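# Summary of structural features
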Amino acid sequence: MKKSMDRRTFLKFSSAGIASALVTSTGLLSWNPRAEAATINQTFYITEGFITQPDGVDVYFRGFSPGRNNLTVPGAQMIVQEGDTVRVTIVNTLGTSHSFKIDGIIDSGRIRGGESKTIEFQVNRAGTYMYYDARNAPYNRLSGLHGGFAVMPNGSSNKVYAGSPTFVQQYFWLFHDIDPVWHNTIRNGNTPNTRYSPRYFTMNGLSARPPGAPGAMDPNTDSMADPRSALHGHVGDRTLVRVLNAGLCQQSVHTHGNHMEWLTDNGQVRDDVWSKDCIYLEGNMGKFDAIYPFESPPDAWPPVTTGIYPMHLHTEMSQTAGGGLYMFGALTDIHFE
Amino acid sequence: MGRRRSSNTDTTTTTSSMGGGGGMGGGGGGMGGGACYVYPGAPATPGLVNADVTFNLGIDMNIPLTMDDGTTINMWGFSGSGGGMGGMGGAGTFPSPAMRVTEGDIVHTNLSVNMMMMHTIHHHGIEPAHTSDGVGHITWDVANGTYTYQWRPAHAGTYFYHCHTNTVLHAEMGMYGALIVDPPEGAGTLFSGGPDYDVEAFWVVDEIDSSWHTLPWTAGTCGGDVGLNELNPDYFVITGVDGSGNSAMNAPPISATVQRGQKLLARYICAGYHPQKIRFGGLTGKIYASDGRPLPKPVSVTEIRAASAERYDIIFEPAQTGTYLIETDIIHWVSGDVLGTTRASITVV
Ligand SMILES: [Cu+2]
Ligand SMILES: [Cu+2]
């Protein structure tokens, strides 16, 4: 035990240190289409450490991080366009083998402990994807090695796929659920053999903090204040949310204020666009795309154009932390400004 | 405007009808009595006008529900004869009384809660001003008074209402009821321009973890592990009735009897937290609407998979006489295991 602690200098991160690295990542809200395909370079360092959860418990994670000395869970949001060449360099700072995979696009294969690898691939199909470590599945992914990856249609700034309904801004909602017992088992190099019991729930790496709680309103701590998660718009600011599930729990994604236009389901364009206030999100890498239309809330009297509403998972166990603490789970706010 | 903007310097609840809302605001921290991160208030409703329809609801924290095995489980719910400051009106039921309104009505839902606890009403799928949305952290948890939620439904369809205070616990404890919005044509038409129907069935499927049913309304809010991340249900109900055996069979309005040539509308509400799969016993139904919105094209199905709080409006036009078993599996959100199944019936004569 002592030996392993000496060998690895475990980094302990407040959640503040984590998200600040992320907020500076690829800008999403203003995507400018390019006339020419480009080569996109991205370097990830596979690192490990502890992240303090809302109840004060430190949980072990691994991440695709921007540097050797930090830990980022999830990895930086990436957005590219059809035809681009993406060159990803993975620097594995750990002693264990890992990989970088995007289903249907690229699989780096094994990257041994201490090794680095550069992979290059072209993206040809617009859509919402997860990059993740596919080795030792699903454990390496669950430990935090995952991130959102979006491919915009060629030359488009406002469509999910050619011919799709349009939007003016876009967000990732990447959900995760965390069983600290599993994370500790993974840390020790073993395979979890206990029943999966998630105790923490995040979106884009953060849990919520209700008003008055320590860290509330801090964009580096509170998912309700995180600009990557909380939607801000005026009436008419149609907003694409790219919803991904890195965890194992099936979820129900529920918005107040407006129904969502449900465009894709697990990578397939739906036959019809349904207007839904709850959308089924499968566990284990389920995904969908939906547009939150930012229409005046239809049932208000007198009519309103401003207000604040929640997005929360209706699978309400996911609204807790450590077995209690309602509102310290995976939720955010939607601001009609 | 909302609580999120003013968590430390409360300016939103100073009009509390009890005169103390402002001072109690700010949430967070120990509220005394073991409630944390609650936002008590019962101010005047902004923009209040006269209502076409009014519901007066109180709170009942002692609703016995007897299961088929003889076990009695304590449920919480809204009582239909609340009103007044005490909020301790008539006895509640499980589920809570259904609300039925007409598209375009101005509706008041008056929730009365006494000084000992806090609850809200969120009309799920209804999208009003946030001051009438019933989400505590954004506005207030109704405490020590009566609050009027004002809304005007724009879309006919199937909804439900539920408490949104410590929601994980309160909704599981049974604090919900059906909410039906009829089109101007009235009951018998699903939505303007949509199908009509002769008979209606209500399939509100939910799971109960009896180990949660001795917890206080504040459970977990100040921290500590009270097990709310694990819902391990041991009872399965459909529209308030133990669904594991025959209790809901042939029991309208859960089960339905229709004549050949008649149209049955089933309003299916996934009221639990775990995913569900509902099967129609060999019948094919047509989904015309979901979550209170018409589908662009109706879809024919023999089963539906649903996530928590989804609603589906399904029309059946059975051609063959017989009894058809409507079974809903409640499926564990991680393992995919079937945890239990509710049973109801459609009898075609
Ligand atoms: Cu309640
Ligand atoms: Cu709801």
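Below, the structure is looked at part by part.

### Some thoughts on the pattern of salt bridges
Evaluation of the coordinates by the stated rule reveals 21 salt bridges over all chains. A salt bridge links A:Arg195 to B:Glu230; its shortest N-O distance comes to 3.3 Å. With A:Arg195 in the loop between α4 (180-187) and β12 (200-203) and B:Glu230 in the loop between β10 (199-208) and β11 (235-238), this residue pair bridges two chains. Judged by its relative accessible area of 14%, B:Glu230 is buried. Two residues, B:Arg305 and A:Glu282, come together in a salt bridge whose shortest N-O distance is 3.3 Å. Taken as a pair, B:Arg305 in strand β18 (residues 303-306) and A:Glu282 in the loop between β18 (278-281) and β19 (287-292) lie in two separate chains rather than in one.

### So, the sheet that holds strand β17 (residues 268-276) of chain A
Residues and elements named next belong to chain A. Taking strand neighbours across the sheet as the criterion, the six strands line up as β12-β11-β14-β19-β16-β17 in an open arrangement whose pairing is mixed. Edge strands, defined here as strands with exactly one partner in the open sheet, are β12 and β17. Adjacent strand axes in the sheet meet at a mean angle of 20 degrees, parallel and antiparallel pairs treated alike. Pairing geometry for strand β11 (residues 169-178) and β12, over four bridges, is antiparallel.

### Digging into the state of the cysteines
Residues and elements named next belong to chain B. One pass over the structure, following the stated rule, counts one disulfide over all chains. The disulfide that involves Cys-36 links it to Cys-222, with 2.0 Å between the sulfurs. With the S-S bond torsion at 95 degrees, the cross-link from Cys-36 to Cys-222 turns out right-handed. With Cys-36 in the loop between α1 (21-24) and β1 (40-41) and Cys-222 in the loop between β10 and β11, this pair connects stretches of sequence that are 186 residues apart. A residue is classified by how much of its surface remains accessible, and Cys-36, at 8% relative accessible area, is buried. For Cys-222, a relative accessible area of 42% corresponds to the partly exposed category.

### Some words on the packing of aromatic side chains
Scanning the model with the defined rule gives 26 aromatic pairs over all chains in all. A ring pair is formed by A:Tyr292 and A:Phe336, whose centres lie 6.1 Å apart and whose planes are at 70 degrees; its orientation type is edge-to-face. With A:Tyr292 in strand β19 and A:Phe336 in strand β21 (residues 331-336), this residue pair connects regions lying 44 residues apart in the sequence. We classify A:Phe336 as buried; its relative accessible area is 4%. For the ring pair B:Phe94 and B:Tyr176, a centre distance of 5.6 Å and an interplane angle of 75 degrees mean the geometry is edge-to-face. Of this pair, B:Phe94 sits in the loop between β3 (72-79) and β4 (99-102) while B:Tyr176 sits in strand β9 (residues 176-182), and the two are 82 residues apart along the sequence. The same class applies to B:Phe94 as to B:Tyr176, namely buried. A cation sits over an aromatic face here: A:Arg270 above A:Trp274, 4.5 Å from the ring centre.

### Quick notes on the coordination of the copper ion (ligand 2)
Coordination sphere of the copper ion (ligand 2), protein contribution only: A:His314 (NE2), B:His124 (ND1) and B:His162 (NE2), at 2.0 to 2.1 Å. A residue pair is termed long-range when its members are at least 10 positions apart, and B:His124 in strand β6 (residues 122-124) and B:His162 in strand β8 (residues 157-162) qualify at 38 residues.

What counts, and at which threshold
Residues numbered from 1 in each chain as written. Chains lettered and ligands numbered in written order. Predicted model: local features only at pLDDT ≥ 70, side-chain atom pairs only at ≥ 80, totals over all residues. Heavy atoms only, no water. Salt bridge = Lys/Arg side-chain N within 4 Å of Asp/Glu carboxyl O. Helix = DSSP H or I, 4+ residues; strand = E, 2+ residues; numbered from the N terminus. Buried < 20%, exposed > 50% of the residue type's maximum accessible area, 1.4 Å probe, protein only. Pairing = 2+ DSSP bridges. Axes fitted to C-alpha atoms, helices over the stretch in contact; angles between N-to-C directions. Disulfide = S-S within 2.5 Å. Phe/Tyr/Trp six-rings, centres within 6.5 Å; stacked < 30°, edge-to-face > 60°. Lys NZ or Arg CZ within 6 Å of the ring centre and 35° of its normal. Donors = N, O, S within 2.8 Å, 3.2 Å for Na, K, Ca; no water.

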